[in-house]
Amino acid sequence: MKYLFIFNDSPHGDQRAYNGLRLAVSLSRKAKIRVFLLGDGVICGLSGFTPAHANYNPQEMLRAISGTGAAIAACGACMEARGISPESLISEVRRSSLDELVEWTEEAEKVISF
C-alpha cells in the first residue's frame, strides 16, 4: 500500500508533528510512504536544530524515513513565506510544489495529515 503523510504543523509546540513522524518512521519500515511538509510543517526539515529532548529530533526522524527509500518534499511557497532557503533544509528534504503534492495525492492509496 502507498501512503502519503502531510505535515502542516511545526515540530515545536504540541506533539502533532512528533506523533505523526513516529507513525511515519514505523510505517516506512513496512510500506511505501512519501512525506510532504506543508505550511509550518516545513520547519520539520530545517537543519541545525538541537531539540530540548534527545528522544524528539524531527530531523533525525526524517532521516530515518528517507533511509527506507521514502521521498520527502517541502512546499516551496511555504518555505518562501517563512524565509527558508532550500540550503537550510536537511539534505533528505527537497524543495517542491503543490503540483507534486497533487501528483502524490493522486497516486497514494491512503493520505494521512498531521
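Let me begin by describing the structure that accompanies this report.

Reading the values: rules and limits
- Residues numbered from 1 in each chain as written.
- Predicted model: local features only at pLDDT ≥ 70, side-chain atom pairs only at ≥ 80, totals over all residues.
- Heavy atoms only, no water.
- Helix = DSSP H or I, 4+ residues; strand = E, 2+ residues; numbered from the N terminus.
- Rg over C-alpha atoms; globule rule 2.2 N^0.38 Å.
- Buried < 20%, exposed > 50% of the residue type's maximum accessible area, 1.4 Å probe, protein only.
- Arc of directions from axis to C-beta.
- Contact = heavy atoms within 4.5 Å.
- Disulfide = S-S within 2.5 Å.
- Pairing = 2+ DSSP bridges.
- Axes fitted to C-alpha atoms, helices over the stretch in contact; angles between N-to-C directions.
- Core = buried A, V, L, I, M, F, W, Y, C linked by side-chain atoms within 4.5 Å.

Some thoughts on the overall build of the protein
Part 1: Across its full length, the protein carries 4 helices and 5 strands.
Part 2: Element order for the protein, N to C, with α for helix and β for strand: β-α-β-α-β-α-β-α-β.
Part 3: The globule rule puts the C-alpha radius of gyration for 114 residues at 13 Å, and the 13 Å found for the protein is close to it.
Part 4: Taken along the three principal axes of its C-alpha coordinates, the protein extends 35 × 30 × 25 Å.

A short note on helix H4 (residues 98–107)
Part 1: Buried within H4 we find Glu 100, Leu 101 and Trp 104. Take H4 and look down its axis: the buried residues cluster within an arc of 100 degrees, on one side only. In H4, the exposed positions angled more than 90 degrees off the buried face are occupied by Asp 99 and Glu 106.
Part 2: As for H4, its buried residues are in contact with strand S1 (2–7), strand S2 (32–37), strand S3 (71–75) and strand S4 (94–96).

Considering the state of the cysteines
Part 1: All chains considered together, the criterion is met by 0 disulfides.
Part 2: We note that Cys 44 lacks a disulfide partner, and the nearest cysteine sulfur, in Cys 78, lies 12 Å from it.

Topic: the sheet that holds S2
Part 1: Taking strand neighbours across the sheet as the criterion, the 5 strands line up as S4-S3-S2-S1-S5 in an open arrangement whose pairing is parallel. Edge strands, defined here as strands with exactly one partner in the open sheet, are S4 and strand S5 (110–113). Strand after strand, the sheet turns through a mean of 30 degrees between neighbouring axes, direction not considered.
Part 2: Direction of pairing for S1 relative to S5: parallel, over a ladder of 4 bridges. Residue pairing in the sheet places Ile 6 in a bridge with Ser 113 of S5.
Part 3: Contacts between helix H2 (residues 58–66) and the sheet are confined to S2 and S3, with S2 contributing the most and set at about 145 degrees to the helix.

Quick word on the nonpolar core
Part 1: One finds Ile 33, Val 35, Leu 37, Leu 62 and Ile 65 to be the most contacted residues of the largest nonpolar core, which totals 38 residues.
Part 2: Elements represented by at least two residues in this core include exactly S1, helix H1 (16–28), S2, H2, S3, helix H3 (76–81) and H4.
Part 3: At 6 residues, H1 tops the list of elements feeding residues into this core.

A short note on H2
Part 1: Those residues of H2 that fall on the buried side of the exposure criterion are Pro 58, Gln 59, Met 61, Leu 62 and Ile 65. Take H2 and look down its axis: the buried residues cluster within an arc of 160 degrees, on one side only.
Part 2: Of the surrounding secondary structure, the elements contacted by the buried residues of H2 are H1, S2 and S3.

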